[in-house]
Amino acid sequence: MIDWHAAGAYVTALTGADAAGLERFHQRVARGPEFRNKEFPLSPLPLLLTEREAAAYARQLESYGRLLDRIVDLYRSKPEVRAWFSLGPTAEQLVLADTGLDGHVVVCRVDGYLTQGTETPVVLENNADAPAGTLFTARVNNTVHDGLDAMGVYDARGVCGSTAVAPPLSPLTYTDEHALLAALRSCDARRGGTGIEHLAVLQPAGGSNRESVLMAESFRTAGLDAYLADPRDLRLSHGRVFFGDKPADACWNKVNTTGWCALVEADEALAGRWLRAVSDTGFVNVNPFGARYVAENKLALALPQEPDFAALFTDGERALAATLLPWARRLAPGTPGRTSYALLTDELLDQQHAYVLKEPYDIRGDGVTVGRAVSRSTWEKAVARGLAEGHLVQEYVAPVPYPVLRDGGTPAVVPMATSLDGYVMNGEFRGFGAKASLQARVNVFQGGQKLAVHVLGERARPA
């Protein structure tokens with residue numbers, strides 16, 4: 001899937017560029033729109049993908065989105081599935097009440113790796129609550145493309161005359177800053193609405209990140225009355241939702257599930273107001289609570305693999321899970337081991353390097369423990385806690401390293417572990433993002449950085 005031929009040409013062109021060329025790139029970045037919640041260096045080398053293989057993976061991610069919706073449906077219809085997830089009464093009530101969009105995933109960022117040695121794509125987790133990057137990913141991709149153009153890297157023949165590759169990019173490249181707005185409007189149409197006029201972007205007061213602020217600005221530019229609102233300010237009046245004194249036809253709820261649980265579980269009256277908002281009005285809640293609580297939950301990665309629930313899925317759904325997902329189980333007393341071990345807990349302690357433990361909900365990778373990256377005592381504590389609380393056990397997958405260019409660093413090119421993240425909105429694939437890091441957890445807030453992802457169209461290749 002990685003176009004190493006093109007990547008080599010880009011590396012040659014970029015490492016051979018003079019200071020004036022690099023300065024033109026940095027000037028273009030500085031003049032461009034904001035694209036960071038947290039400061040990180042922007043590599044001028046995009047992750048370059050071949051269109052045919054990227055298109056095949058995009059179709060798989062669309063199918064995977066349907067599998068997530070199926071898991072939400074099973075939660076809503078099967079008491080045994082609800083018992084297995086064990087979300088608690090508040091979450092269960094909200095999921096069952098929020099039926100306007102069937103509780104399905106509207107906007108999802110599916111994070112994964114290309115496996116080291118084979119480049120087989122795997123899905124590591126679903127961001128189905130309030131995925132970051134719906135605006136900034138397009139800006140990163142566009143900014144790097146414009147910066148390379150300003151450097152003169154592209155010319156009529158290709159990359160610095162190499163004919164290795166030249167624009168235009170494939171439509172699979174995420175360049176549309178208004179993709180989320182299109183998804184929200186589609187949701188309103190599905191609910192039988194006549195159009196979204198008033199849109200609340202939800203963040204706790206005083207805790208808004210830059211993307212949320214700029215997203216509201218982008219929505220206003222598109223003609224909506226869009227504003228930041230605290231979800232605790234929700235109230236109902238005459239069958240309509242308000243935040244404070246401002247009406248809302250829909251919301252883009254940017255509170256991650258970890259933070260959301262802390263808000264509603266500490267305030268029974270607030271949970272009750274939200275329950276009425278999604279059940280008694282035409283309010284468009286994105287992402288719905290089925291997505292936020294069920295599809296977002298790390299245990300959703302294990303459900304289609306669990307032997308006890310195999311009969312709930314079709315052969316095709318189980319085959320898709322086997323293709324895309326690393327081996328995973330919910331950790332509980334008596335859970336069988338993956339290989340020759342009678343108990344999974346014994347296998348985890350004996351093969352620490354082979355596994356990752358994940359809390360059901362987390363933010364910025366804080367709830368992920370990579371066995372090979374922590375001390376023995378830390379791992380033992382994580383296993384004990386995971387056993388007590390029912391965390392996810394997932395097979396460790398080594399990511400492919402990709403060259404990242406560092407301005408003024410030595411060496412100038414550093415191979416870093418790289419993620420490949422796909423955005424699916426209303427069931428349709430919209431494009432890729434990526435992150436790179438030297439740390440075990442590939443996350444911008446764990447010392448990583450974002451990369452542009454450019455999918456190279458077939459027509460852009462040399463004859």
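First, a word on what this report is: a plain description of the structure on this page. All values derive from a computational prediction rather than experimental measurement.

Rules of the game
Counting restarts for each chain: residues are numbered from 1 in the order of the written sequence. Only residues with pLDDT of at least 70 get local features here, since the model is predicted, and only at 80 or more are side-chain atom pairs given and counted; chain-wide, interface and lining totals rely on the full set of residues. As a rule here, side-chain values come from all non-hydrogen atoms in the structure, and water together with hydrogens is ignored. Helix axes use the C-alpha atoms of the stretch in contact, all axes being lines fitted to C-alpha atoms, and the angles between their N-to-C directions lie in the range 0 to 180 degrees. Strands here mean DSSP runs of E at least two residues long; helices mean DSSP runs of H or I at least four residues long; both are numbered from the N terminus. Convention used here: angles under 35 degrees read as roughly parallel, angles over 145 as roughly antiparallel, angles from 65 to 115 as roughly perpendicular, and any remaining angle as oblique. Only heavy atoms enter the contact rule, under which two residues are in contact if any of them lie within 4.5 Å. Classification used: nonpolar for Ala, Val, Leu, Ile, Met, Phe, Trp, Tyr, Cys and Pro, charged for Asp, Glu, Lys and Arg, polar for all others including Gly. Residue count minus one, scaled by 1.5 Å, sets the expected span of a helix. Note on exposure labels: buried denotes an accessible area under 20% of the residue type's maximum, exposed denotes more than 50%, and partly exposed covers the range between, all computed with a 1.4 Å probe on protein chains only. Here, the arc refers to the directions that run from the helix axis to the C-beta atoms. For the purposes of these results, a polar contact is taken to be a pair of N or O atoms within 3.5 Å, where, inside protein, one atom must be able to donate a hydrogen and its partner to accept one; residues adjacent in sequence count only when each atom of the pair is a side-chain atom. In this analysis, strands are considered paired if DSSP registers two or more bridges between them. Buried Ala, Val, Leu, Ile, Met, Phe, Trp, Tyr and Cys residues that are joined via side-chain atoms within 4.5 Å together make up what is termed a nonpolar core.

1. So, the packing of helix H9 (residues 257-265) against helix H10 (residues 268-280)
Two numbers describe how H9 lies on H10: the axes approach to 6 Å, and their chain directions differ by 110°. In terms of axis orientation, H9 runs roughly perpendicular to H10. Two secondary-structure elements touch here, H9 through Trp260, Leu263 and Val264 and H10 through Glu268, Leu270, Ala271 and Trp274. Across the contact of H9 with H10, the residue classes break down as six nonpolar, no polar and one charged.

2. Remarks on helix H2 (residues 19-31)
Here H2 spans 18 Å end to end across 13 residues, near enough to the 18 Å set by a 1.5 Å rise per residue. The complete set of buried residues in H2 reads Gly21, Phe25, Arg28 and Val29. Looking straight down H2, one finds its buried side chains confined to an arc of 100°; they lie on one side. Among the exposed residues of H2, those oriented more than 90 degrees off its buried face are Ala19, Ala30 and Arg31. As for H2, its buried residues are in contact with helix H6 (136-151).

3. Structural notes on H9
Turning to H9, its buried residues number three or more, namely Thr257, Trp260, Cys261, Leu263 and Val264. Angularly, the buried residues of H9 cover 165° about the axis, an arc narrow enough to put them on a single face. Here the buried face of H9 lies against helix H5 (89-97), strand S11 (250-253), H10 and helix H11 (289-295). Capping the start of H9 is the job of one residue whose side-chain oxygen sits 3.1 Å from the backbone nitrogen of Thr258: Asn256.

4. Structural notes on the sheet that holds strand S6 (residues 198-202)
Sheet architecture is open: four strands sit in the order S7-S6-S11-S12, paired in parallel fashion. Every other strand in the sheet has two partners, leaving strand S7 (225-229) and strand S12 (284-286) as the edge strands with one partner each. Neighbour-to-neighbour, the strand axes of this sheet turn through a mean angle of 20°, independent of strand direction. As judged from the three bridges shared by S11 and S12, these two strands associate in the parallel manner. Within the sheet, the bridge partner assigned to Ala250 lies in S12 and is Val284. Lying over the sheet, helix H7 (residues 179-190) contacts S6, S11 and S12, oriented at roughly 140° with respect to S12.

5. Concerning the sheet that holds strand S14 (residues 355-358)
Strand order in the open sheet formed by four strands is S13-S16-S14-S15, and the pairing between neighbours is antiparallel. Only two strands of the sheet have a single neighbouring strand rather than two, namely strand S13 (328-330) and strand S15 (368-370). Strand-to-strand twist of the sheet, defined as the mean angle between neighbouring strand axes without regard to direction, takes the value 20°. Of the strands in this sheet, S14 and S15 are in contact with helix H14 (residues 376-389), which crosses S14 at around 55°.

6. Quick notes on unusual backbone geometry
That bond from Val286 to Asn287 is cis: its omega, -10°, falls within 30 degrees of zero. One can find Asn287 in the loop between S12 and H11. Its identity as a non-glycine residue notwithstanding, Glu119 has a phi of 60°, on the positive side. Summarising the element assignment, Glu119 is placed in the loop between strand S2 (107-114) and strand S3 (121-127). Judged by its relative accessible area of 17%, Glu119 is buried. You will see that His238, though not glycine, has its phi angle at about 55°, which is positive.

7. What about the nonpolar core?
In globular proteins that are soluble, nonpolar side chains generally tend to be buried together. Of all hydrophobic cores here, the largest spans 136 residues; its most connected members are Leu49, Tyr64, Phe85, Phe243, Trp274, Tyr293 and Phe432. Ranked by residues supplied to this core, first place goes to helix H3 (residues 51-77) with 11 residues. With 11 residues, the next largest nonpolar core counts Leu331, Ala354, Ala382 and Val393 among its residues.

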